[in-house]
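Residue-level listing of the chains:
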There are 2 protein chains.
Amino acid sequence: MPRDLRMSRILHVLIHMDRHVARATSDQIAGMISTNPVVVRRMMAGLRDRGIVTSEKGHGGGWRLARPLTEVTLRDVYEAVGAPVLFNVGPTAEPSDCLVEKAVDARLDSALREAEARLLTQFAAIRVEDVVQDFERDFADHVKTQGERRVCGGHTPDGDAG
Amino acid sequence: MPRDLRMSRILHVLIHMDRHVARATSDQIAGMISTNPVVVRRMMAGLRDRGIVTSEKGHGGGWRLARPLTEVTLRDVYEAVGAPVLFNVGPTAEPSDCLVEKAVDARLDSALREAEARLLTQFAAIRVEDVVQDFERDFADHVKTQGERRVCGGHTPDGDAG
DNA sequence: CCTTTCGCAACAGTTAAAGTTTCGCGCCTT
DNA sequence: AAGGCGCGAAACTTTAACTGTTGCGAAAGG
């Protein structure tokens, strides 16, 4: 159970916006992911800087998708939150004079860099729209077996339910 | 949160013990990795439980390797420190009722699990002895180009220089 | 008996994300 | 033009895990 939840939360938000609420205020978004509007603005700022969403102030303001989710990959989202360190483990931060430590850290670094490169490649290959497809399949099954049309937090797939 | 340095530090220690100091007290080991003996004992406890090292109390006590480094892999070390969470990013810890969140977390989980499995497989394929080989090659170069025989922290490759 | 050395418990320090509070500043409505 | 809405940003506190530190107990040996 890792710590940095921003990717998960942002994907959650982007999909809700695409499917259910074209425009959403930070307050409404905060409701979707059970947090508060300041945290939302902090997360969304990176997306705005990368042209994934836009923000508007004042009455009728809030957040909108700036491009379709077919043109946003998980890697875009990862970078939009500042490309945080992926691994919780790793070699010592600063190089040492000790040749033993150098050899150890070189090995660890090599393994971790390869794993990181692979993971980022995989992130780049997954469009947010692919996750939407996953959701739609799950949702169809859910409706069929349980007759329940609500998704979560009062939102339905056909419109904003506040 | 700072990165988890235990694997790096333990590998450093194991190699020094194998090459330079057959027996070492927690105090001496703490000197090798610039920390204090309590941290050392905490790290080494897992290795002892897994039969990688042994500890003895009292005069002449301390730590010893219990088996050759050809029989210890990076994965053994990883598990000896409690198999900490590898990734710093990931989905929300607890499953949600929201189908969107479920779809998001399933995708992230899938990508991360695959990356984790690959990394652990790679750790399992690297014996600590392989890192010793890396070190010996580097050390030979070092002696050739700089004529310096010290490794670090006052230890030489031929014996304990406490 | 006394020193050495590990074993263990308890607590403070560090770091980055998450959560909160409180401003200011545009923008739309009236 | 006034007022409320909503983002922007700064300044905290909280959280979680490893790390660092102190103190006491127990075992081993001279």
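Since the model is a prediction, treat every value here as computed from it, not as a measurement. All residue numbers refer to position in the chain's written sequence, counted from 1. Following the order in which they are written, the chains are lettered starting with A and the ligands numbered starting with 1. Whole-chain, interface and lining totals are the exception, using all residues; otherwise, since this is a predicted model, local features are given only for residues with pLDDT of at least 70 and side-chain atom pairs are given and counted only at 80 or more. Water and hydrogen atoms were dropped before computing side-chain values, which therefore reflect all heavy atoms in the structure.

Labels follow the DSSP assignment, with helices taken as runs of H or I lasting at least four residues and strands as runs of E lasting at least two, numbered in each case from the N terminus. The secondary structure content of chain A amounts to six helices and three strands. Counting from the amino terminus, helix and strand elements in chain A follow one another as α-β-α-α-β-β-α-α-α. Over its C-alpha atoms chain A spans a radius of gyration of 19 Å, topping by over 25% the 15 Å that the globule rule assigns to 162 residues. Dimensions of chain A, computed from the C-alpha atoms along their principal axes, are close to 65 × 40 × 25 Å. For each residue, the accessible area found with a 1.4 Å probe, counting protein chains only, is set against the maximum for its type, and the residue is called buried under 20%, exposed over 50%, and partly exposed in between. Sorting the 162 residues of chain A into buried and exposed places 48% on the buried side. In what follows, residue pairs with any heavy atoms lying within 4.5 Å of each other are defined as contacts. Counting contacts in chain A only where the partners sit at least 6 residues apart, residues at least 24 apart contribute 59% of the total. Values of accessible area rely on a 1.4 Å probe in the Shrake-Rupley scheme; residue burial ignores everything except the protein chains shown. Looking at chain A as shown, the accessible area adds up to about 7,900 Å², and 46% of this sits on carbon and sulfur atoms. His is not counted, nor are the chain ends, whereas Lys and Arg count as positive and Asp and Glu as negative. Charge placement uses NZ in Lys and CZ in Arg. For Asp and Glu, CG and CD serve respectively. With 22 positive and 24 negative side-chain charges, chain A shows a spacing of 3 Å between the two charge centroids. With the radius of gyration taken over C-alpha atoms, the globule rule is written as 2.2 Å times the number of residues to the power 0.38.

Each side of the interface is counted separately: chain A has 50 residues, and chain B has 50 residues. Taking both partners together, chain A and chain B bury about 4,800 Å²; carbon and sulfur atoms supply 68% of that area. Together, Asn88, Leu99 and Arg107 of chain A form the three largest contributors to the area buried by chain A at its contact with chain B, with a combined 15%. Among the salt bridges present, the one from Arg107 of chain A reaches Asp134 of chain B, with a minimum N-O distance of 2.6 Å. By the criterion applied in these results, polar contacts are pairs of N or O atoms within 3.5 Å in which, for protein atoms, one can donate a hydrogen and the other can accept it, and in which residues neighboring in sequence qualify only through two side-chain atoms. Here chain A is connected to chain B by 18 residue pairs in polar contact (both at pLDDT 80 or more). At the level of elements, helix H1 (6-19), helix H5 (99-125) and helix H6 (128-146) of chain A are the ones that each hand at least two residues to the side of chain A that touches chain B. A per-element tally of the side of chain A that touches chain B places H5 of chain A first, with 16 residues. Lys, Arg, Asp and Glu make up the charged group, whereas Ala, Val, Leu, Ile, Met, Phe, Trp, Tyr, Cys and Pro make up the nonpolar group; the residues left over, Gly among them, are polar. Of the residues belonging to the side of chain A that touches chain B, the class tally is 30 nonpolar, nine polar and 11 charged. Accessible surface is computed with a 1.4 Å probe, and the buried area is the amount of it that two parts give up when combined, taken over both parts together. We define a salt bridge as a side-chain nitrogen of Lys or Arg found within 4 Å of a carboxyl oxygen belonging to Asp or Glu.

Glancing now at the packing of helix H1 (residues 6-19) of chain B against helix H3 (residues 37-49) of chain B. Residues and elements named next belong to chain B. Working convention: axes come from line fits to C-alpha atoms, limited for helices to the stretch in contact. Angles between N-to-C directions cover 0 to 180 degrees. Packing of H1 against H3 leaves a shortest axis separation of 11 Å and a crossing angle of 80°. Classified by the angle their axes make, H1 and H3 are roughly perpendicular. Residues Arg6, Arg9, Ile10, Val13, Leu14 and Met17 of H1 lie in contact with H3, whose contacting residues are Val39, Met43, Met44 and Leu47. Oblique is the label for every angle not falling under 35 degrees (roughly parallel), over 145 degrees (roughly antiparallel), or within 65 to 115 degrees (roughly perpendicular).

This part takes up the pairing of strand E3 (residues 62-65) of chain A. Residue and element names in this part refer to chain A. Pairing between strands is defined by DSSP: at least two bridges between them are needed. Looking at chain direction, strand E1 (residues 23-24) and E3 are connected through two bridges and run antiparallel. Looking at E3, one finds that Ala24 is bridged to Trp63. Here strand E2 (residues 53-56) pairs with E3 via four bridges, running antiparallel. Residue pairing in the sheet places Glu56 in a bridge with Gly62 of E3.

For any two helices packed against each other, one specifies the crossing angle of their axes together with the interaxial distance. Residue and element names in this part refer to chain B. At a closest axis distance of 10 Å, the pairing of H1 and helix H6 (residues 128-146) adopts a crossing angle of 70°. If you check the angle between H1 and H6, you find them roughly perpendicular. Along the contact surface, H1 presents Leu11, Ile15, Asp18 and Arg19, while H6 presents Val128, Glu129, Val131, Val132, Phe135 and Glu136. The residue makeup of the contact of H1 with H6, split by class, is six nonpolar, no polar and four charged.

Now for the protein's contact with DNA strand D. Neighbouring residues are identified by heavy atoms, a residue being near a molecule or strand if any of them is within 4 Å of it. In the neighbourhood of DNA strand D, 28 residues make up the surrounding shell, with Arg48 of chain A together with Arg6, Arg9, Thr35 and Arg42 of chain B lying closest. Take the atoms of DNA strand D that sit within 4 Å of the protein: sugar and phosphate atoms are 66% of them. Within the backbone of Ser26 of chain A, an N or O atom sits 2.8 Å from a phosphate oxygen of DNA strand D. Ser55 of chain A has a polar side-chain atom sitting 3.1 Å from a phosphate oxygen of DNA strand D. Elements with a minimum of two residues in the surface near DNA strand D: helix H3 (37-49), E2 and E3 of chain A together with H1 and H3 of chain B. In terms of residues, the surface near DNA strand D owes the most to one element, H3 of chain A, which gives four residues. Looking at the surface near DNA strand D residue by residue, the class counts come to eight nonpolar, 10 polar and 10 charged.

This part covers unusual backbone geometry. Leaving glycine aside, a negative phi is the common case for residues, and trans is the common case for peptide bonds. All names here are of chain B. Of note in the backbone geometry, Ser34 takes a positive phi value of approximately 55° without being a glycine. Look at Ser34 and you get exposed, because its relative accessible area is 68%. Here the phi dihedral of Ala83 falls at roughly 45°; this positive angle occurs in a residue that is not glycine. With respect to the helices, strands and loops of the structure, Ala83 is situated in the loop between helix H4 (74-80) and helix H5 (99-125). Ala83 sits in the partly exposed class, given a relative accessible area of 38%.

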